[in-house]
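Read off the chains here:
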Amino acid sequence: MPAHRRAPAVVDDAQPREVGRRRFLGYLIAAPTLAVAAGGAWELLKPDDANAAIPSPPQPSDAYDLGDLQNDAALPTAYLIKIVINEDGTASFAMPRAEVGQGITTTVAMMIAEELDLPLEKVKVSLADARPELLLNQLTGGSNSVRSLYIPVRTAAALARQQLLLAASKQLGVPVENLTTAAGNITGPTGQALSYGSLAVPAASSTLTSTSVVLKPASKFSLLGTPQNRIDALDIVTGRKQFAMDLDVVADAKPTMVARPPTINGKPEKVNNMAAVLAMPGVTDVAMITYGVAIRAETFGQCIDAIQIIDVTWAGGTVDGQSDATVEKKLKAAQLPLAVPNVLTQSVDTEITFAFASNSPLEPGCAVADIKGGTGEIWCSLKVPIWAKENIEQELGMIPGSLTVHVVQGGGSFGRHLFHDVALEAAQASKKMGKPVKLMWTRTDDFRQGRTHPMSVARVRATYALGNVVSYEQRHTSVRTDFTHGLGEVLTATAAKSPLVGNYSFAQSIFLLTQSSPYNFGVTTQLLNEVDLGYNTGSMRNIYSPNTVTAEELVVDQLAERMGKDPVEFRKSFIKDERLKAVLEKAADEGEWGRSLPDGVFQGIALHGEYRGACCALVELDCRPETVNRQIKDAVTGPRVTRATLVVDVGLALNPRGLEAQMLGGMNDGIALALTSSLHMKDGIPLEGSWDNYFYTRQWNTPPEMKVVIMPPTTGEPGGAGELGVAPSMAAVACAYARSIGQIPTYFPINHGTLSFEPYPVVPSSPNSPTDGLTNPL
């Protein structure tokens, strides 16, 4: 039987009251059935200080990080996010965040079910359309969704329960404090029961009314904090989950694909054989759009066939002739100088290059668009749907408010869906053709013309003397990271493009609000410089941190060696934060740091704090010849991580099963970035043209043994988790590899110099459809 929760006395807002730390403002929304929304909190928490022999001054993100900024930006419109109680006893919530496989719909459903005392299966979470009135409250990124929704969603759900209790009290003639709630029902002292569904209309408000509510204390949680399967798991494994390409929402929305230029951002000037392309089987329309030529046909296969024969005159691109070598040279020339002179101290100095990487998700870019008569609709997976809507209206010359943008669940993102390129192309094609389209990018489009994680160079100097680290300087020089999506709407997106504010200012802000050394290393500076070279870039999972943390942790290992200390003990002696120290000690214990290993197998350990969380990774890397030289068809092999341990503290883990999945994904991301996955730039375009060419961690390279340890609650509130595991995982693998070669590597991934595939040609822009899949499976 479900546990019953007795209702506290409802506070009469007309009477004086004592404000507790868990009282929150909410709103009753005028609606036919009960609809509620959150307001704001009445209390702020402050970070703790740290002490050390030579304390490092606090860095900006220690006191106020990117997630804090996003929370503050979202708060003014929190009251516009509503939960609706339906007459069938279910609760509905249109979530203003994107679900791209990270499981946020499950976690949010758990929050609602917890506060409402409602079975999880009775909570229905959908994705909200683009809502410009939400302003900065509809951006998914920065591992912030749980942090920013935790209080508003729970407040709305708790308020709904409170109003249901008031309605039940009136119907039963029983004081609220004598009622209990459980499993979607309200029960009186003599067993009388009313369902939430029967109270949905009586509990509704006819006017917008503010009130307050007390949230359930964490000690009373029965669902939050317990491992739960995803609410969409059955649909996923049975093939019923729908993505953009599965939708049948517009009659006659036919398959559409794009023939693309041989360099990045080239534009079409003329189609030289338009009649021949239109005569191809199934082809209905051909139209030039900004960065390509859209082809609409009866099937996607017919679109691909047309791409094979189309002849286009292209204008030049923005990075013609550039390569890995030319970009690396420009970055090194743009490095900011180190400031601390190496006088009366010794130092560890290093310079490391990190290659371009792809943030393409498993699902290629897809969008359905129907633009006609000055109005339109789009269906697409989008992380910043407000800016997508406003920008597409601008680009197509539409009246603001005339475009409806529906957010669809996505098959991955890794930062890719912060940009709405595919939605804009679908809208352009539909408008020019005067017909609805179902536009899909090919994998080659994604890798070559999509977004990349920028190449960067890290320069680090750490000085030490008399057993202490005196200074730590890090200079991160990167190809410009595109932040022109702003904070999710037109004002900040426009500011990011303006000369006055500009993308550089956004990049600096993101860097300062995410980067913080976990060690007391005396005078500490971490500075960013970015160079705009014309590439289509974007944030990838964990943004700057995988590269910056890898560089720092490699230097930490070198400092430990120079001072004759064990790497774990060295870290413990300089670490600032007790939570970081705890995950370090736990990882060393669970991963058996220092255990006897065969010759050629090396351990690496690294830690990272971000998103108000702490994480430590410990790996074992097999560098023996029989492993390094193993042969796998069309693959890059090399060293293999055989054992991995991740210990994570997110403050309060709401769904430990989902958190474990995020950490396992982060570990495999980190392994890939350290060992095998990168883009090779040549003549202004990546050589990679599919997942067959891009060596993310595959089954033959993932650790046979992986363990995730979730620490008990430490802060009482959830921190970010989606990206937290990437940086320490990459850094731990890098540290293990450095121990194997006896020095800091100078280039990542370590196998970037090996090209094990024959690149696709750049014309045609996408390869022909495979014809040998059965006899020669990939």
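What you see is a predicted model, and the numbers here were worked out from it, not measured in a lab.

Things to note about the overall build of the protein
A count of helices and strands for the protein gives 20 helices and 32 strands. Rg of the C-alpha trace for the protein: 27 Å, near the compact-globule value of 28 Å for 778 residues, within the 12% margin. For the protein, the spread of C-alpha atoms along the three principal axes comes to 80 × 80 × 55 Å. With 778 residues in all, the protein has 60% of them scored as buried. A separation of at least 24 residues holds for 79% of the contacts in the protein among residues at least 6 apart in sequence. For the protein, the exposed area adds up to about 30,100 Å²; of that, 55% sits on carbon and sulfur atoms. Charge-centre separation for the protein: the mean point of 66 positive side chains lies 2 Å from the mean point of 79 negative side chains.

Points about the environment of Glu99
Mapped onto the secondary structure, Glu99 falls in the loop between strand S5 (91-95) and helix H3 (104-116). As for Glu99 and Gly411, which are separated by 312 residues in sequence, their C-alpha atoms are 8.7 Å apart. If we ignore the near neighbours within four places in the chain, the residues touching Glu99 are Ile104, Thr105, Leu127, Arg230, Gln409 and Gly410. Of note is the side chain of Glu99, whose polar atom sits 3.1 Å from the backbone nitrogen of Gln102. A polar contact of 3.0 Å, which involves the side chain of Glu99, links it to the backbone nitrogen of Gly103.

Structural notes on the packing of aromatic side chains
Summed over the entire model, instances satisfying the criterion amount to 12 aromatic pairs. Relative to Phe748, the ring of Phe354 has its centre 5.8 Å away and its plane inclined at 15 degrees; by these criteria the two rings are stacked. Taken as a pair, Phe354 in strand S16 (residues 346-354) and Phe748 in strand S32 (residues 747-748) lie far apart in primary sequence, 394 residues in all. Neither residue differs from the other here; Phe354 and Phe748 are each classed as buried.

Some remarks on the sheet that holds strand S26 (residues 601-610)
In a beta sheet, neighbouring strands are held together by backbone hydrogen bonds and run either parallel or antiparallel to one another. On the basis of which strands lie adjacent, the open sheet formed by four strands has the order S26-S27-S28-S31 and mixed pairing. In this open sheet, the two edge strands, each paired with only one partner strand, are S26 and strand S31 (705-710). Across the sheet, the mean angle separating the axes of adjacent strands is 10 degrees when strand polarity is ignored. Examined bridge by bridge, S26 and strand S27 (residues 613-622) share 10 bridges and lie antiparallel to one another. Within S27, the residue paired with Glu610 across the bridge is Gly613. Those strands touched by helix H19 (residues 656-675) are S27, strand S28 (640-649) and S31, and its axis lies near 130 degrees from that of S31.

A closer look at unusual backbone geometry
Of note, the amide linkage connecting Phe748 to Pro749 takes the cis form, showing an omega dihedral of 0 degrees. Secondary-structure assignment places Pro749 in the segment after S32. The backbone phi angle of Asn265 is positive, close to 70 degrees, even though this residue is not glycine. One non-glycine residue, Phe414, lies in positive phi territory at about 55 degrees. With respect to the helices and strands, the residue Phe414 is situated in the loop between strand S20 (403-407) and helix H11 (421-433).

Digging into the pattern of salt bridges
The tally for this structure, following the rule as stated, stands at 46 salt bridges. In this structure, the salt-bridge partner of Glu114 is Lys216, at a minimum N-O distance of 2.6 Å. Residue Glu114 is located in helix H3, and its partner Lys216 is located in the loop between strand S10 (209-214) and helix H6 (233-237); the two are separated by 102 residues in the primary sequence. Each member of the pair, Glu114 as well as Lys216, is classed as buried. As a salt-bridge pair, Arg416 and Asp421 come within 3.3 Å of each other at their nearest N and O atoms. Neither Arg416 nor Asp421 differs from the other in exposure class; each is buried. Through salt bridges that share partners, Asp252, Lys254, Asp285, Arg296, Glu298 and Lys435 make up one connected network.

Side note on the packing of helix H13 (residues 490-497) against helix H14 (residues 502-514)
In contact at an axis separation of 5 Å, H13 and H14 are set at 110 degrees when each is read in the N-to-C sense. Compared by their axis directions, H13 and H14 come out roughly perpendicular. Across the interface between the two elements, Thr492, Ala495 and Ala496 of H13 pack against Gly502, Asn503 and Phe506 of H14. Along the lines of polarity and charge, the residues of the contact of H13 with H14 split into three nonpolar, three polar and no charged.

Side note on the confidence of the model for the protein
Counting all residues, the mean pLDDT for the protein is 92, and 94% of those residues have values of 70 or more. Segment residues 8-21: pLDDT under 50, and 18 contacts once partners within four positions in sequence are set aside and those in other chains are kept. Below pLDDT 50 for its whole length, residues 41-52 participates in 13 contacts with residues either more than four positions away or in separate chains.

Here's the deal with the pairing of S27
Counting buried positions along S27 yields 10 of 10 residues, so the element is predominantly enclosed. Burial along S27 is two-sided: the face carrying Gly613, Cys615, Ala617, Val619 and Leu621 and the face carrying Ala614, Cys616, Leu618, Glu620 and Asp622 are both buried. Judged from the nine bridges that link them, S27 and S28 form a sheet pairing that is antiparallel. Bridged to Ala614 within S28 is Asp649.

Considerations on the nonpolar core
Core analysis: the biggest nonpolar cluster contains 93 residues, and Phe521, Tyr535, Leu559 and Phe570 have the highest contact counts within it. The greatest single-element share of this core, amounting to 11 residues, is contributed by helix H20 (residues 726-741).

A word on the sheet that holds S32
The mixed open sheet is built from five strands, whose spatial order is S25-S24-S23-S16-S32. In the strand order of this sheet, the two ends are held by strand S25 (523-531) and S32, each with one partner. One ladder, built from nine bridges, connects strand S24 (residues 468-479) with S25; its direction is parallel. Within S25, the position partnered with Arg475 by the bridge is Leu527.

What counts as what
Residue indices follow the written sequence of each chain, beginning from 1 at its first position. pLDDT decides what is reported in this predicted model: residues at 70 or higher carry local features, side-chain atom pairs at 80 or more are listed and counted, and totals for whole chains, interfaces and linings draw on all residues regardless. Side-chain figures throughout are based on the complete set of non-hydrogen atoms in the structure, without hydrogens or water. Only DSSP runs of H or I reaching four residues or more are called helices, and only runs of E reaching two or more are called strands; each is numbered from the N terminus. The size measure is the radius of gyration over C-alpha atoms, and the globule rule it meets is 2.2 Å times the number of residues to the 0.38 power. The buried label goes to any residue with under 20% of its type's maximum accessible area, the exposed label to any with over 50%, and the partly exposed label to all in between, with areas taken from a 1.4 Å probe on protein chains only. Whether two residues are in contact is decided by their heavy atoms: any pair within 4.5 Å suffices. Here, Shrake-Rupley sampling with a 1.4 Å probe gives the accessible areas, and only protein chains in the shown set may cover a residue. Positive charges come from Lys and Arg, negative ones from Asp and Glu, while His and the chain ends are left out of the count. Positions of charges follow a simple convention, taking NZ of Lys, CZ of Arg, CG of Asp or CD of Glu. Any pair of nitrogen or oxygen atoms within 3.5 Å is treated as a polar contact; in protein, a donor-acceptor pairing is required on top of that, and neighbouring residues in sequence qualify only through side-chain atoms on both sides. Within 6.5 Å between ring centres, the rings of Phe, Tyr and Trp (the latter by its six-membered ring) count as paired, and their orientation is classed by plane angle as stacked under 30 degrees, edge-to-face over 60, tilted in between. Between any two strands, at least two bridges found by DSSP are needed for them to pair. All axes are obtained by fitting lines to C-alpha atoms, using only the stretch in contact for helices, and the reported angles, taken between N-to-C directions, cover 0 to 180 degrees. Basic side-chain nitrogens of Lys or Arg form a salt bridge, by our definition, when they fall within 4 Å of a carboxyl oxygen of Asp or Glu. Working definition: roughly parallel below 35 degrees, roughly antiparallel above 145 degrees, roughly perpendicular at 65 to 115 degrees, and oblique for all remaining angles. Note on residue categories: nonpolar means Ala, Val, Leu, Ile, Met, Phe, Trp, Tyr, Cys or Pro, charged means Asp, Glu, Lys or Arg, and polar means any other residue, Gly included. Scored from 0 to 100, pLDDT reflects the predictor's confidence in each residue. By nonpolar core is meant a set of buried Ala, Val, Leu, Ile, Met, Phe, Trp, Tyr and Cys residues that side-chain atoms within 4.5 Å join together.

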